[in-house]
Amino acid sequence: MKKTAPDLFSYPRYWAECYGIAPFLPTTREEMDQLGWDSCDIIIVTGDAYVDHPSFGMAVMGRLLEAQGFRVGIIAQPDWRSADDFMRLGKPNLYFGVTAGNMDSMINRYTADLRLRHDDAYTAGGKGGKRPDRAVIVYSQRCKEAWTDVPVVLGGIEASLRRIAQYDYWSNKVRRSVLLDATADILLYGNAERAIVELSHGLAAGKRIEELWNIRGTAYLRQQPPEGYVELDSSRIDWPGNIDKLPNPYDFGTDQRGADKLIDPTTKRCGADSSVTQPAEEAHVAPIRIVPMPLKRKEKLSQETTYIRLPSFEKVAKDSALYAHTSRVLHQESNPHNARALIQKHGNRELWVNPPPIPLETPEMDGVFGLPYQRVPHPAYGKDKIPAYDMIRFSINIMRGCFGGCTFCSITEHEGRIIQSRSHESILNEMAEIRDKVPGFTGSISDLGGPTSNMYFLNCNDDDIQSNCRKLSCVYPTICSNLVTDHSQTTELYRKARKMEGIHNIAIASGLRYDLAVKDPEYVRELVTYHVGGYLKIAPEHSEQNTLSKMMKPGMDTYYDFKNMFDQFSAEAGKKQYLIPYFIAAHPGCDDNDMLNLSLWLKQNDVKVDQVQNFYPSPMSLATAMYHSEKNPLKQITYKSETLYIPKDKAQRKAHKTLLRYHDPENWSDLRIKLKEMGREDLIGTRPGHLVTPEEAPKRRENSKARVRPSGARVATKATVKGNKASSSRAAKKRKGQSSIKKQQH
């Protein structure tokens with residue numbers, strides 16, 4: 001059954017709504033004084049510069065809480081070396097909200113090859129170093145240092161993707177939930193509008209965090225599992241044959257009824273000592289029935305009173321197969337309409353993860369995006385440019401979520417698979433605001449998109465089917481027959497947008513799912529005719545089925561179908577337009593032969609890629625579980641599961657990147673070495689089918705008679721000319737190499 005939630009804007013407003021709307025949420029005590037505030041109810045600490053725009057998380061949450069009646073302050077990019085900067089707005093009445101910002105702080109700071117970046121697109125002036133590594137942990141600890149009695153609430157993508165034990169690429173180990181390291185009180189994951197509104201009103205009503213532990217989209221630390229739940233035990237992958245004969249560790253006797261005799265009637269705890277006072281959350285813990293995961297089909301269990309026990313942090317930290325299994329279970333419990341709570345032991349504490357939040361309905365999405373954003377950076381930054389803002393200031397987010405399920409991407413783990421779309425009216429109103437309010441607007445909208453440009457209003461055609469579905473993707477290995485693929489809502493939006501006064505051009509810059517697009521030729525015609533400015537980005541990611549199956553991406557037949565359609569409609573529109581395909585090197589499961597075949601495909605299709613990305617093991621993605629465990633969590637995990645080939649070391653990753661950039665002369669020497677290592681010298685030559693030219697043999701110096709020349713004069717022989725050219729070439733390469741490194745770092 002499809003689950004529902006109270007309307008986001010249906011809560012009674014907090015008393016402080018009388019202060020009205022702030023021009024900008026205050027960042028100093030002086031700004032608070034100007035608003036007539038003596039204190040903030042909630043203070044948001046963020047790793048990004050404060051931009052009052054719906055593409056920046058701190059602005060969305062701040063304005064949403066303001067609309068609920070709360071006084072919200074912003075501490076942007078504080079000096080984390082002491083607690084002083086965290087006290088600049090005084091003590092919040094309810095809590096600190098802590099986020100690393102729009103990007104994970106580690107991904108923001110380091111490249112996929114672990115090189116240090118020296119810039120930061122979310123900082124004024126683009127300067128790097130304005131936020132610490134693992135910013136959520138550092139900020140949270142400083143908040144606790146500043147005010148020990150104030151709750152700390154974690155949120156944003158960094159916390160979201162670290163809600164359970166997760167593999168950490170930068171330290172090459174499994175780390176425990178960020179909730180423990182941050183010493184925070186509760187964690188909100190995903191797009192957390194529902195959770196933060198419910199939590200804020202609960203705390204404002206005088207409740208404690210301990211009483212709000214079961215809010216959807218949150219993670220919370222407990223001493224014991226809650227009372228009245230049935231446990232599905234998924235903590236192991238090597239179940240014995242007579243699994244139904246396993247004893248229940250919560251059973252005290254021959255059957256479950258025997259346990260009732262050992263429950264202390266005053267504390268409701270098994271064998272409890274009535275002289276010991278128990279914490280509030282433990283006072284009513286009853287014995288729990290445990291069902292081994294393989295027997296779950298024999299039981300009729302309520303989703304609301306069932307949780308799944310994951311392998312403990314201590315086990316997944318030591319056993320990579322169990323880690324892959326845990327990742328598989330987590331992803332299967334991502335549908336908010338059928339997901340069950342998860343529990344994972346960390347030492348002597350239990351990490352409780354509630355089911356995902358209920359997606360926002362279209363009117364709620366309109367409400368969030370229609371809040372009174374200034375749409376510009378805070379005036380304190382003066383004329384300093386914030387690169388991330390400059391990229392999106394003329395773009396519009398029309399939807400959230402992604403049902404593609406690409407294993408290397410974490411969008412689904414954060415935003416969910418169910419698409420949440422805004423109405424045409426809301427989007428057109430935002431276009432008018434950009435036209436009328438944003439400095440520098442000349443009539444061009446840079447994007448109408450989101451995580452994917454063409455999933456707007458695409459969802460399952462049956463609520464009951466969607467409510468019971470546990471598929472990781474709606475489009476892999478084929479497009480689900482229950483998925484709506486009619487793009488008419490998007491096509492109609494484009495047409496309405498082009499008619500707006502003062503709008504001269506609308507580009508579509510978000511990534512396109514071309515396997516969906518080919519299902520609606522009218523949409524492709526509309527896109528190609530009016531909204532492609534010469535180039536369109538698409539992401540086949542690879543050409544080989546072996547690797548594509550680990551990515552959960554469609555085969556190349558779909559790419560050819562889309563390319564033919566794209567070329568046809570471009571010609572009909574009288575335009576010369578080109579596709580820009582993106583590929584990933586060194587993906588888990590991709591061996592040298594797959595990369596070589598991709599390189600040959602690029603050569604045969606005359607595709608020369610400039611921007612090449614090595615696989616980046618981001619927290620919580622399925623591909624990261626593959627990278628760490630060398631197992632495939634897309635299938636049931638056992639200790640006998642096939643071992644995947646994982647290009648991990650620097651030489652392997654560099655070789656795969658070199659194969660993608662076969663056309664770059666700077667890579668030819670390494671490419672020849674790799675081809676010889678693979679026994680593919682047949683691809684070294686000068687014919688069209690060859691991948692790289694042979695190395696030129698040094699020419700022998702010809703014997704010649706000495707020529708008469710003036711005294712002191714020097715003859716520029718072939719050898720010296722060649723030497724000068726070589727020296728000049730080496731110097732040029734060195735300069736180019738230094739420039740390339742700077743580009744990678746930036």
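Residues numbered from 1 in each chain as written. Predicted model: local features only at pLDDT ≥ 70, side-chain atom pairs only at ≥ 80, totals over all residues. Heavy atoms only, no water.

**Q** Summarise the packing of aromatic side chains; cite the residues concerned and give the values.
**A** The description of an aromatic ring pair rests on the distance of the ring centres and on the angle between the ring planes. Following the criterion strictly, the structure yields 26 aromatic pairs and no others. Arranged with centres 5.8 Å apart and planes meeting at 65 degrees, the rings of Tyr169 and Tyr616 form a pair that is edge-to-face. Of this pair, Tyr169 sits in the loop between strand 5 (166-168) and strand 6 (173-175) while Tyr616 is found in the loop between strand 22 (613-614) and helix 21 (622-629), placing the two residues 447 residues apart along the sequence. The exposure class of Tyr169 is buried, given its relative accessible area of 7%. (Phe/Tyr/Trp six-rings, centres within 6.5 Å; stacked < 30°, edge-to-face > 60°. Helix = DSSP H or I, 4+ residues; strand = E, 2+ residues; numbered from the N terminus. Buried < 20%, exposed > 50% of the residue type's maximum accessible area, 1.4 Å probe, protein only.)

**Q** Summarise the sheet that holds strand 20 (residues 535-541); cite the residues concerned and give the values.
**A** Strands sit in the order 20-21-22 across an open sheet of 3 strands; the sheet is parallel. Here the strands that pair on one side only, and so sit at the sheet edges, are strand 20 and strand 22. Sheet topology note: the strand 21 (residues 578-585)/strand 22 ladder contains 2 bridges and is parallel. Across the sheet, residue Ala585 finds its bridge partner in strand 22, namely Asn614. Helix 19 (residues 556-572) contacts strand 20 and strand 21 of the sheet and is inclined by roughly 170 degrees relative to strand 20. This element, helix 22 (residues 650-660), spans strand 21 and strand 22 of the sheet and lies at about 165 degrees to strand 21. (Pairing = 2+ DSSP bridges. Contact = heavy atoms within 4.5 Å. Axes fitted to C-alpha atoms, helices over the stretch in contact; angles between N-to-C directions.)

**Q** Got a sec to walk through the nonpolar core? Specific residues and values, please.
**A** Leu199, Met431, Leu448, Leu512, Leu536, Phe562 and Leu602 are the most contacted members of the largest nonpolar core, which has 125 residues in total. Among the elements that make up this core, the one with the highest residue count is helix 2 (residues 57-67) (7 residues). Look past the residues within four positions of Phe562 in its chain and what remains in contact with it is Leu512, Tyr514, Ala517, Val518, Val524, Leu536, Ile538 and Leu579. Counting 48 residues, the second largest nonpolar core, distinct from the first, contains Phe86, Leu89, Ile164 and Ala182. (Core = buried A, V, L, I, M, F, W, Y, C linked by side-chain atoms within 4.5 Å.)

**Q** Could you give me a rundown of the pattern of salt bridges, with the residues and numbers involved?
**A** Counted according to the given criterion, the structure contains 44 salt bridges. Arg435 serves as the salt-bridge partner of Asp436, at 2.9 Å between the closest nitrogen and oxygen. A relative accessible area of 56% places Asp436 in the exposed class. You can call Arg435 partly exposed: its relative accessible area is 30%. One salt bridge connects Asp606 with Lys608, and the closest N-O pair in it is separated by 2.9 Å. A network of salt bridges, in which partner residues are shared, links Glu231, Arg309, Lys345 and Glu350. (Salt bridge = Lys/Arg side-chain N within 4 Å of Asp/Glu carboxyl O.)

**Q** I'd like a rundown of the packing of helix 17 (residues 521-530) against helix 19, residues and numbers included.
**A** Packing of helix 17 against helix 19 leaves a shortest axis separation of 9 Å and a crossing angle of 50 degrees. Here helix 17 is positioned oblique relative to helix 19, judged by the angle of their axes. Pair helix 17 / helix 19 crosses with right-handed handedness. Contacts between helix 17 and helix 19 involve Pro521, Val524, Arg525 and Val528 on the former and, on the latter, Phe562, Met565, Phe566, Phe569, Ser570 and Glu572. Residue classes in the contact of helix 17 with helix 19 are distributed as 7 nonpolar, 1 polar and 2 charged. (Parallel < 35°, antiparallel > 145°, perpendicular 65-115°, else oblique. Left-handed = near helix turned anticlockwise from the far one by under 90°. Nonpolar A, V, L, I, M, F, W, Y, C, P; charged D, E, K, R; others polar.)

**Q** Outline the packing of helix 9 (residues 320-332) against helix 21, supporting the account with residue identities and numerical values.
**A** Packing of helix 9 against helix 21 leaves a shortest axis separation of 9 Å and a crossing angle of 170 degrees. By the angle between their directions, the pair helix 9 and helix 21 is classed as roughly antiparallel. Contacts between helix 9 and helix 21 involve Ser320, Tyr323, Ala324, Ser327 and His331 from the first element and Leu622, Ala625, His628 and Ser629 from the second. When the residues that make up the contact of helix 9 with helix 21 are grouped by side-chain class, the tally is 4 nonpolar, 5 polar and no charged.

**Q** How would you sum up unusual backbone geometry? Please name residues and give values.
**A** For the peptide bond that leads from Tyr476 to Pro477, omega is 0 degrees, which places it in the cis range. Note that Pro477 resides in the loop between helix 14 (463-468) and helix 15 (488-498). Phi is positive for Gln77, which is not a glycine, with a value near 50 degrees. Tracing the sequence through the fold places Gln77 in the loop between strand 2 (72-76) and strand 3 (95-99).

**Q** Which residues make up the pairing of strand 1 (residues 42-46), and what are the values?
**A** Most of strand 1 is tucked away, with 5 of its 5 residues classed as buried. The alternating pattern of strand 1 places Ile42, Ile44 and Thr46 on one face and Ile43 and Val45 on the opposite face, and all of these are buried. Of the pairings in the sheet, the one linking strand 1 to strand 3 comprises 5 bridges and is parallel in character. Note on strand 3: the bridge partner recorded for Val45 is Val98. With respect to chirality, the unit in which strand 1 leads through helix 2 into the neighbouring parallel strand 2 is right-handed. (Right-handed = clockwise from strand over helix to strand, strands pointing away.)

**Q** Any details on the side chain of Ser200? Residues and values, ideally.
**A** Checked against the element boundaries, Ser200 lands in helix 7 (residues 193-204). On the basis of relative accessibility, which here comes to 0%, the residue Ser200 falls in the buried class. When near neighbours in sequence (up to four residues on either side) are disregarded, Ser200 contacts Ile42, Leu65, Phe70, Leu94 and Tyr95.

**Q** A description of a nonpolar patch on the surface should follow, citing residues and the corresponding values.
**A** On the surface, a cluster of nonpolar side chains totalling about 320 Å² of accessible area is made up of Tyr535, Tyr578 and Ile580. Mapped onto the elements, Tyr535 comes out in strand 20. (Patch = residues over 30% accessible without salt bridge, like charges linked within 9 Å, V, L, I, M, F, W, Y side chains within 5 Å. Areas by Shrake-Rupley, 256 points an atom, 1.4 Å probe, with all protein chains shown as cover.)

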